[in-house]
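What the coordinates show
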Amino acid sequence: MLVDSASHNARLRQTEVEVEAAEREYERLKRIGDAVPAINLDQADTRLKAARAAYRAASIQASRAVVRAPFAGSVDTLNIEAGEVAAPGAPLVRMLDLDTLMVTVSLSDRDVMAVKPDQAVTVTTDAQMAPVTGKVTRVRRAADTNTRAFEAEIELDNAAGGLLPGMIATVRIQSQLDDAQLVVRNDWL
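Residues numbered from 1 in each chain as written. Predicted model: local features only at pLDDT ≥ 70, side-chain atom pairs only at ≥ 80, totals over all residues. Heavy atoms only, no water.

**Brief notes about the nonpolar core**
Note the following rule: Buried residues of nine kinds, namely Ala, Val, Leu, Ile, Met, Phe, Trp, Tyr and Cys, make up a nonpolar core once their side-chain atoms join them within 4.5 Å. The cut-offs for exposure are 20% and 50% of the maximum accessible area for each residue type, with area from a 1.4 Å probe on protein chains only; residues under the lower value are buried, those over the upper are exposed, and the others partly exposed. Starting at the N terminus, helices and strands are each numbered in turn, a helix being any DSSP run of H or I of at least four residues and a strand any DSSP run of E of at least two. The contact criterion used is simple: two residues touch if any of their non-hydrogen atoms lie within 4.5 Å.
In terms of nonpolar packing, the biggest core is built from 21 residues, with Ile154 and Val171 touching the most fellow members. Of all the secondary-structure elements, those providing two or more residues to this core are strand S3 (100–107), strand S4 (120–125), strand S5 (132–139), strand S6 (150–157) and strand S7 (168–174). When residues no more than four places from it in sequence are discounted, the contact partners of Ile154 are Leu101, Met102, Val103, Val105, Val121, Lys135, Val136, Thr137, Val171 and Ile173.

Below, the structure is given as C-alpha cells:
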C-alpha cells in the first residue's frame, strides 16, 4: 500500500534542522558564559526545547504515514482507494494469517465440563478429509445468552494451507474423562 508521506518527511527534516540550529545557538551562548545575560540563555533554552518538541510531533506524524500490519500475512480486503484520505482509526486492510487458524465451536452445558485448555483436537473438512490436529486454547466460562452454548477456541497449525477461513469443519475433542470423543459438527473455521 502506497501512502504519500513526502510532506510528513519534509516537515520532519525541517524540524531536524531547527533542532540543530537551536542546539548550536544554545551551546554558543553557554560557552560565552557570564558575558551573556541570563535571559538570552533562557530564551535559547526555550527555543531548543520547542524545536525538540516540534521534532517529536513531526516524527510521530511521519511514522503514522506508514501503514504496517502487526503480523505477516495475506491481504484479504482493501477498504480504501488511491487518493482517498484515511480517517484516523478507520480499518484500511483486512489481513489474514493463514499459518495458524482459530476454530470456534459451541458446546452444550452437558459437554463443556469435559473440555479443558490444551486438550487434543482433530479437525476435518469436506474440502480436506485428512485430519488436522490442534489444541483447545480457551473455553468460555459463561454461556452465550442467546444460544445458551459455551464457546471453545481451538488453535490449528495450517502451514500446509489446506484450511481457509469460513470452511465448515468437524471437530473431535479427545475427552480427558475417558477415551470417548466429543464430536461437534458444522461450526466455522
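**Quick notes on helix H2 (residues 38–64)**
Rules: How far a helix is expected to stretch is found by multiplying one less than its residue total by 1.5 Å.
Spanning 27 residues, H2 covers 39 Å between terminal C-alpha atoms, matching the ideal 39 Å at 1.5 Å per step. Here H2 has its buried residues at Ala44, Leu48, Ala51, Ala58 and Ala62. Check the buried side of H2 and you find it contacts helix H1 (6–32).

**What to know about the environment of Ala65**
On the secondary structure map, Ala65 appears in the loop between H2 and strand S1 (74–78). Residue class for Ala65 comes out buried when judged on its relative accessible area of 7%. As for Ala65 and Asn9, which are separated by 56 residues in sequence, their C-alpha atoms are 9.2 Å apart.

**Some thoughts on the pairing of S3**
This is how it is decided: Two strands make a pair as long as DSSP finds a minimum of two bridges between them.
In S3, alternate side chains face the same way, and those of Leu101, Val103, Val105 and Leu107 are buried while those of Thr100, Met102, Thr104 and Ser106 on the opposite face are not. Sheet topology places S3 next to S6; eight bridges connect them, and they run antiparallel. Within S6, the residue paired with Ser106 across the bridge is Glu151.

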